[in-house]
Amino acid sequence: MYDFLNSMPKVELHVHLEGTLEPELMFELARRNGIELPFRSVDALKAAYQFEDLQAFLDLYYQGMAVLRSEQDFYDLTWSWLQRCKAQNVVHVEPFFDPQGHTARGIDIATVMAGILRALSDAESQLGISHKLILCFLRHLDEDSAMDILAQAEPWLDKLAAVGLDSSERGNPPGKFARVFARARDKGLLAVAHAGEEGPPDYISGALDLLRVDRIDHGVRAIECSELMQRLIDEQMPLTVCPLSNIRLRVFEQMADHNIVTMLEQGVRVTVNSDDPAYFGGYMTENFIALYEPLGVTAYQSLQLVVNSIEASFADDVRKAELRRQLQQFAQSHQQVL
Ligand code: HPA
Ligand code: ZN
């Protein structure tokens, strides 16, 4: 099953580039930039990856991204992740990045954009991985700060597919960002938002009604509200679910309690994603494996989850058709497993 899941063509719709920073690269960049990390070794850092909740993780995540300073740093971060994508047959990616986490430290947004875009472009030509890039607003900051970063991103609007909303969910409802999302949509960008990871189901409805999002990131707490569940099914609204993340951040106690299969069986357009793979113990293949073992997700259901990702992606129609063809071809050559 590991070989099947690793060689299955996959699509990643929920990954934070800053969350792909592996401890080894974090130390290398710290050395390169003369930054002292509050950990003596890679092992000491890894030992700190025990999170009580989302906020405990975010504290370490912001500390970690402080090693990113030059264009080359952002290139190396993005490129090393894309090579992992290649090794796991991830063929289309829609990563997030958090520019406010960098401009707040005095890094020019041009530096961030140049490094990330160069790596994504190299991946397109050298690895055959297509992409759509998503700029995320940090929801623990105010809407004016989000407006300001959207204005700073203006020269790269044609390189961005969508805006998103991440960071501390509780106490930061979607309505706080209604104006900046409206402005982004006026500029022709699509929209996504983290909702219903730790926050209540009304944050999901709020993201749909007030931010007019095209996808919900996480959304697993929708299951607490039957009307909302029916709405997600009726509208075929995609949820970008992140199984390993949900266990590491204690959204569910154990994988056997995860609701992704229930949602899939009820007809919700759920997808599998990795969130912050360097911190949560796995990339795309490991997330599929994590569902196979305790939840008994079958090979056929795994394919169905990828179909959902293709349909939910922001790839253009030509690329979507290509992705469907690739998956179909893979399924046909693995009939014995299905
Ligand atoms: N949730 C919210 N914000 C985030 C996450 C997450 O899992 N990862 C990085 N920023
Ligand atoms: Zn996330």
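Scroll up to find the structure this text is about.
For the structure given in this document, a descriptive report is provided here. None of the values given here were measured: they were computed from a predicted structure. (Residues numbered from 1 in each chain as written. Chains lettered and ligands numbered in written order. Predicted model: local features only at pLDDT ≥ 70, side-chain atom pairs only at ≥ 80, totals over all residues. Heavy atoms only, no water.)

### Section: the coordination of the zinc ion (ligand 2)
Alright, step 1. Looking at the zinc ion (ligand 2), one finds its protein donor set to be His-14 (NE2), His-16 (NE2), His-194 (NE2) and Asp-275 (OD), positioned 2.1 to 2.2 Å from the metal centre.
Alright, step 2. Coordination geometry of the zinc ion (ligand 2): the four donor atoms subtend angles of 82 to 173° at the metal centre, consistent with an arrangement described as irregular.
Alright, step 3. Each donor residue of the zinc ion (ligand 2) belongs to the same chain, with the gaps between them written as H-x1-H-x177-H-x80-D. Of this pair, His-14 sits in the loop between β1 (10–12) and α2 (23–32) while Asp-275 sits in the loop between β10 (270–272) and α14 (277–280), and the two are 261 residues apart along the sequence. (Donors = N, O, S within 2.8 Å, 3.2 Å for Na, K, Ca; no water. Tetrahedral: all angles 85-135°; square planar, octahedral: opposite > 155°, others 65-115°. Helix = DSSP H or I, 4+ residues; strand = E, 2+ residues; numbered from the N terminus.)

### A word on the pairing of strand β2 (residues 90–93)
Alright, step 1. Bridging between β1 and β2 involves three bridges; their strand directions are parallel. Pairing of Val-11 across the sheet is with His-92, part of β2.
Alright, step 2. As defined by bridge partners, β2 adjoins strand β4 (residues 130–131) across two bridges and the pair is classed as parallel. In the strand pairing of β4, His-92 is matched with Ser-130. (Pairing = 2+ DSSP bridges.)

### Section: the sheet that holds β1
Alright, step 1. Read across the open sheet, the three strands follow the order β1-β2-β4; overall the sheet is parallel. Strand pairing shows two members of the sheet lacking a second neighbour, β1 and β4, which therefore form its edges.

### With respect to the nonpolar core
Alright, step 1. Core analysis: the largest hydrophobic core is formed by 115 residues, its most contacted members being Leu-82, Phe-137 and Phe-181.
Alright, step 2. If one sorts the elements of this core by residue count, helix α7 (residues 109–127) sits on top with nine residues.
Alright, step 3. Here Phe-137 is in contact with Gln-100, Ala-146, Ile-149, Leu-150, Val-163, Gly-164, Leu-165, Asp-166, Val-180 and Phe-181, once residues within four sequence places are set aside.
Alright, step 4. Phe-96, Cys-136, Ala-161 and Phe-314 belong to the second largest nonpolar core, which has seven residues in total. (Core = buried A, V, L, I, M, F, W, Y, C linked by side-chain atoms within 4.5 Å. Buried < 20%, exposed > 50% of the residue type's maximum accessible area, 1.4 Å probe, protein only. Contact = heavy atoms within 4.5 Å.)

### Things to note about the packing of helix α10 (residues 201–210) against helix α11 (residues 226–235)
Angle between the axes and distance between the axes are the two parameters that describe a pair of packed helices.
Alright, step 1. Orientation of α10 relative to α11, taken along the N-to-C sense of each, is 40°, at an axis distance of 10 Å. The handedness of the crossing between α10 and α11 is left-handed. Contact residues: α10 offers Pro-201, Ile-204, Ser-205, Leu-208 and Asp-209, while α11 offers Leu-228, Arg-231 and Leu-232.
Alright, step 2. Grouping the amino acids of the contact of α10 with α11 by side-chain chemistry returns five nonpolar, one polar and two charged. (Axes fitted to C-alpha atoms, helices over the stretch in contact; angles between N-to-C directions. Left-handed = near helix turned anticlockwise from the far one by under 90°. Nonpolar A, V, L, I, M, F, W, Y, C, P; charged D, E, K, R; others polar.)

### Regarding the site of ligand 1
Alright, step 1. Close to ligand 1 lie His-16, Leu-54, Phe-57, Leu-58, Tyr-61, Asp-166, Ser-167, His-194, Glu-197, His-218, Asp-275 and Asp-276.
Alright, step 2. A distance of 3.3 Å is found between a nitrogen atom of ligand 1 and a side-chain nitrogen or oxygen belonging to His-16.
Alright, step 3. Glu-197 places a side-chain nitrogen or oxygen 2.9 Å from a nitrogen atom of ligand 1.
Alright, step 4. Contact with the protein chains covers 100% of the free accessible surface of ligand 1, which is 260 Å².
Alright, step 5. Top element by residues in the shell around ligand 1 is helix α4 (residues 54–65). It accounts for four residues. (Near = heavy atom within 4 Å. Polar contact = N/O pair within 3.5 Å; in protein donor to acceptor, adjacent residues only side chain to side chain. Areas by Shrake-Rupley, 256 points an atom, 1.4 Å probe, with all protein chains shown as cover.)

### Section: the environment of Gly-267
Alright, step 1. Structurally, the position occupied by Gly-267 is in the loop between α13 (260–266) and β10.
Alright, step 2. Gly-267 sits in the partly exposed class, given a relative accessible area of 27%.
Alright, step 3. Along the backbone, Gly-267 and Ala-290 are 23 residues apart, and their C-alpha atoms lie at a distance of 21 Å.
Alright, step 4. Dropping the residues within four chain positions of it, Gly-267 is found in contact with Ile-233 and Gln-236.

Coordinates in, geometry out; function isn't part of it.
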